[in-house]
Amino acid sequence: MRRTVFNEDHEAFRETIRAFIEAEVVPVYDRWMEAGSAPRDFYRKLGELGVFGIEVPEEYGGAGETSFKFTAVITEECSRAGVSFGGSSVHTALCLPYLLAYATEEQKQRWLPPFVTGDMMMAIAMTEPGTGSDLAGMKTTAKLSADGTHYVLNGAKTFITGGVLADRVIVCARTAAPTPEDRRAGITLLVVDTTSEGYAVGRKLDKLGLKTSDTAELSFTDVKVPVTDRLGEEGKAFSYLGQNLPQERLSIALGAYAQAAAAVRFAKEYVQQREVFGKTVASFQNTKFVLADCQSEVDAMEAFVDRALDAHDAGELTGADAASVKLFTTERAAVVIDKCLQLHGGYGYMQEYPISRLYADTRVSRIYGGTSEVMRSIIAKSMGL
Ligand SMILES: Cc1cc2nc3c(=O)[nH]c(=O)nc-3n(C[C@H](O)[C@H](O)[C@H](O)COP(=O)(O)OP(=O)(O)OC[C@H]3O[C@@H](n4cnc5c(N)ncnc54)[C@H](O)[C@@H]3O)c2cc1C
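Residues numbered from 1 in each chain as written. Predicted model: local features only at pLDDT ≥ 70, side-chain atom pairs only at ≥ 80, totals over all residues. Heavy atoms only, no water.

### Topic: the UniProt feature "domain: Acyl-CoA dehydrogenase/oxidase C-terminal" (unreviewed entry) in the protein
As annotated by UniProt and renumbered to match this structure, "domain: Acyl-CoA dehydrogenase/oxidase C-terminal" (unreviewed entry) occupies residues 238-383. The annotated region residues 238-383 carries 75% helix and 3% strand content, and the separation between its end C-alpha atoms amounts to 22 Å. (UniProt positions renumbered as here; feature names shortened; annotations may be inferred. Helix = DSSP H or I, 4+ residues; strand = E, 2+ residues; numbered from the N terminus.)

Below, the structure is given as structure tokens:
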């Protein structure tokens, strides 16, 4: 079916991104995989291309777009080519909305111009070694100094995408103890300078997939964070997360859909040229039926993500909507990609074939941004259960 969510501007942007990926990413991607990250300079190239400034207002050096669809195009094109832009989607899809919504004018002037050029890369740190799904259980503390000029940050975070590369990290920390009525009270967002004394990057974690995005442990020992680097109001982090997690989840859903669509394309190409028993794998009825099933699943995912994209641009995507589209697409993409890998036989298990990367990369989409079980809990709650 013809997609109606993207207009001519989005499609022109798609062509630019596709050409950029072919020229700047595909030829060097194996090297990035071996290194475990994309090089620092690549992020400046993304800045030059305008990728980081799409949704940043013009007065801070951006393009001033209000639609999330351009960012969606990037996600789709990366998946189509079987590559990723390292941790850059965290920079734009996850961190930027917090800056746009909660930074003061002074903070925007300081942070947004280098954000746009890629000179200041950002990450967001919620998860801790002892708590992920249950964020209210976090132990990292930020105590206001006696003179009220700065917070003293202590604690540890883990699984932080872009954590090695980041120049500034949005850290969730407890500025007050939870209250008996509200476990979520007392959590605040701080934008922490990674060159601060007491700030340390621990291990760069070795992952099953997503080999080009660095995922790190972070620790904070008496890190001084100026009050002028607090994002939004004290104790409001949970409501801010609630407002921004839907976009993160939509972004993950888009990635899962696009990876499933890419898997079907890779499998179709492969089975048409691979011969067994004197004929192509594509000639078996089983192959046709499997791929037909997969295509139909991808069509359903596409309809769902497109509807969610329109709802998000209209400001109508609820937390439960976002949970639903993430749950559906990530669970179904796993099934589709597994079937497409099977059609490749042994070659599907080899790193040099993009289907194997898709298989490994997509697994985490059912875990990060909230697990499938957490998505089910959100949906069930919205049903009054
Ligand atoms: C590659 C990668 C990148 C990541 N990037 C970031 C990042 O940039 N920033 C960041 O802050 N975090 C990041 N994360 C962390 C991620 O969001 C968490 O891993 C995720 O939220 C799950 O938390 P957990 O790992 O502590 O699992 P746990 O919360 O310990 O969950 C363990 C199991 O218990 C289940 N469970 C939990 N609660 C319930 C419940 N109420 N009912 C039923 N089952 C339940 C879970 O679904 C899961 O199956 C990343 C993780 C990975 C793997």
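Past the structure itself, the notes keep going.
### Points about the site of the ligand
Neighbouring the ligand are 16 residues, the closest being Thr127, Ser133, Phe159, Thr371 and Glu373. Separating a nitrogen atom of the ligand from a backbone N or O atom of Phe159 is a distance of 2.8 Å. The fraction of the free accessible surface of the ligand (980 Å²) that becomes covered by protein chains is 63%. Of all the elements in the fold, those that place two or more residues in the shell around the ligand are β1 (122-125) and β3 (150-161). At 3 residues, β3 tops the list of elements feeding residues into the shell around the ligand. For the shell around the ligand, the domains that each give at least three residues are domain 2 (122-235) and domain 3 (239-382). (Near = heavy atom within 4 Å. Polar contact = N/O pair within 3.5 Å; in protein donor to acceptor, adjacent residues only side chain to side chain. Areas by Shrake-Rupley, 256 points an atom, 1.4 Å probe, with all protein chains shown as cover. Domains from an automatic or database assignment.)

### Digging into the packing of helix α7 (residues 237-273) against helix α8 (residues 285-313)
Running from amino to carboxyl end, α7 crosses α8 at an angle of 155 degrees, the nearest separation of the two axes being 9 Å. The pairing of α7 with α8 is recorded here as roughly antiparallel in orientation. When you trace α7 past α8, the crossing you get is left-handed. On α8, the residues touching Gln247, Leu250, Ala253, Leu254, Tyr257, Ala260, Ala261, Val264, Ala267, Lys268 and Val271 of α7 are Thr287, Leu291, Cys294, Gln295, Val298, Met301, Glu302, Val305, Ala308, Leu309 and His312. (Axes fitted to C-alpha atoms, helices over the stretch in contact; angles between N-to-C directions. Parallel < 35°, antiparallel > 145°, perpendicular 65-115°, else oblique. Left-handed = near helix turned anticlockwise from the far one by under 90°. Contact = heavy atoms within 4.5 Å.)

### Examining the domain arrangement of the protein
What the domain assignment reports for the protein is domain 1 (8-117), domain 2 (122-235) and domain 3 (239-382). Facing 12 residues of domain 2, the contacting portion of domain 3 comprises 10 residues. Together domain 2 and domain 3 conceal approximately 820 Å² of surface at their shared face, both sides included; 73% is due to carbon and sulfur atoms. Ranking the residues of domain 2 by area buried against domain 3 places Met126, Leu208 and Leu210 at the top, with a combined share of 45%. Counting across the interface, domain 2 meets domain 3 through 0 salt bridges. In this structure, the connection of domain 2 to domain 3 is made through 2 residue pairs in polar contact (both at pLDDT 80 or more). Broken down by class, the residue content of the side of domain 2 that touches domain 3 amounts to 7 nonpolar, 3 polar and 2 charged. (Buried area = accessible area lost by both parts, 1.4 Å probe. Salt bridge = Lys/Arg side-chain N within 4 Å of Asp/Glu carboxyl O. Nonpolar A, V, L, I, M, F, W, Y, C, P; charged D, E, K, R; others polar.)

### Quick look at the packing of helix α9 (residues 319-342) against helix α11 (residues 372-382)
For the pair α9 and α11, interaxial distance at closest approach is 9 Å and the crossing angle is 140 degrees. With respect to each other, α9 and α11 are oriented oblique. Between α9 and α11 lies a crossing of left-handed hand. The segment α9 lies against α11, with Gly319, Ala320, Ala323, Ser324, Lys326, Leu327, Thr330 and Glu331 engaging Ser372, Met375, Arg376, Ile378, Ile379 and Ser382. A breakdown of the residues in the contact of α9 with α11 according to their chemical character gives 6 nonpolar, 5 polar and 3 charged.

### Some remarks on the UniProt feature "domain: Acyl-CoA dehydrogenase/oxidase N-terminal" (unreviewed entry) in the protein
According to UniProt, the "domain: Acyl-CoA dehydrogenase/oxidase N-terminal" (unreviewed entry) feature falls on residues 7-119. The span residues 7-119 is 67% helical and 0% strand by assignment, and the distance between its end C-alpha atoms comes to 31 Å.

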